[in-house]
Amino acid sequence: MTIAQTEMATAYNRGADEAIRQAQAQKLMGVVVKRWCTSGDDMVCEQCRALEGLELAMDDKFQMGSSWNAGENLTPPAHPRCACAVEYIETEPLVYTNENLPEMKVSITQENSLKEYSTEEIESIAAQTEEIASKHISTPSKWSGNMIVDDKGIPNPDGTTVNYGKMWGCDILTKHETAPSIILHEQIHARSISYLERKNYRQYRNIEEATVQLMTEEICKVEGIEIISSQYDEMLDVLHIINERVGICNSTYDFAKKLIEMPVTKRLDWLSNKMYDILSHDVTTTVEEYEKLSEMLNILY
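Keep in mind that what you see is a predicted model, and the values were worked out from it rather than measured.

A. Spotlight on the sheet that holds strand β1 (residues 31-37). Strand order across the open sheet formed by three strands is β2-β1-β3, with antiparallel pairing between neighbours. Two strands bound the open sheet, and with one partner strand each, they are β2 (55-57) and β3 (85-92). The mean inter-strand angle of the sheet, taken between neighbouring strand axes irrespective of direction, is 35°. Sheet topology places β1 next to β3; seven bridges connect them, and they run antiparallel. Bridged to K34 within β3 is Y88. Its contacts with the sheet put helix α1 (residues 2-25) on β1 and β3, and the angle it makes with β3 is roughly 15°.

B. Region of interest: the pairing of β1. Most of β1 sits inside the fold, with five of its seven residues counted as buried. Two strands pair when backbone bridges link them, and β1 and β2 are joined in this way by three bridges, in the antiparallel orientation. From the neighbouring strand, K34 faces β2, where its bridge partner is L56.

C. Structural context of α1. With 24 residues, α1 extends 34 Å from end C-alpha to end C-alpha; this agrees with the ideal 34 Å at 1.5 Å per step. Against the buried residues of α1 lie β1 and β3. A positive phi of about 65° marks K27, the residue just after α1.

D. Expanded view of the sheet that holds strand β5 (residues 147-149). Taken in spatial order, the three strands make up an open sheet running β5-β9-β8, and their pairing is mixed. One side of each edge strand has no neighbouring strand; the edge strands of this open sheet are β5 and β8 (165-166). Bridge count between β8 and strand β9 (residues 172-174): two bridges; the pairing is antiparallel. Along β9, the bridge assignment pairs K166 with I172.

Calculation rules
- Residues numbered from 1 in each chain as written.
- Predicted model: local features only at pLDDT ≥ 70, side-chain atom pairs only at ≥ 80, totals over all residues.
- Heavy atoms only, no water.
- Pairing = 2+ DSSP bridges.
- Helix = DSSP H or I, 4+ residues; strand = E, 2+ residues; numbered from the N terminus.
- Axes fitted to C-alpha atoms, helices over the stretch in contact; angles between N-to-C directions.
- Contact = heavy atoms within 4.5 Å.
- Buried < 20%, exposed > 50% of the residue type's maximum accessible area, 1.4 Å probe, protein only.
- Expected span 1.5 Å × (residues − 1).

Note that all results are geometric; they support no functional claim without further evidence.
Written out as structure tokens, the structure reads:
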């Protein structure tokens, strides 16, 4: 079990590192730093706790001791059964011009984009939106690259039917009636909840869907893609109101990017702590206002 867990951790972290390097080689990402992240629980050892939050350049090595991973030390694990991972942060994004943007075979910016597309058109749109997502989100995608187009949907064990979604095999499901923003939404899931298990989605569903949709809409605004209303708009409003009142980030785009590049397990605690810290130093804040914002935040739990 120790060997299996350690080898899986090694493969996961080296795979993520290689994905970033390939994205840079393909001119999809600029300068990236890597940040050591522990699991944040009481199983974290002293060695890994000391590395928590350390940021290095891609080719710099973490100090793990000469007896482990000698000669490499570019990524975790730091020891057998280490559960640490690396967060990749794009510090100097590439500047995209008309010359280096991918060719658009199917327009993704037209109005009324929720319509019937052929399977080939959907695959073309997905290729475009994945390129665009790579411009805005530094976390590598776990999307398989496969689009499942099925107008009947896939049945759930509870009797409901899934028509649109990022599947746990990392394929993306859609109907022929779809929209670029819907496909983009699912591709962003592949850069977020796909790093965890199905049970984690059930636990963090609200904050995951709200942050994914917020990032989707902010990318759509920048890229000129039509925004399609979603079932998560109420939760989305909570994020808008909290950031506008508290001023956690200077812009909604920065707020969305900060959240989506953070592990989903840490988002609610980060939001709650930020809200408390900022409002507690604002003399205009009333108890009633803080309680109201706290109640709104609870919608995301």
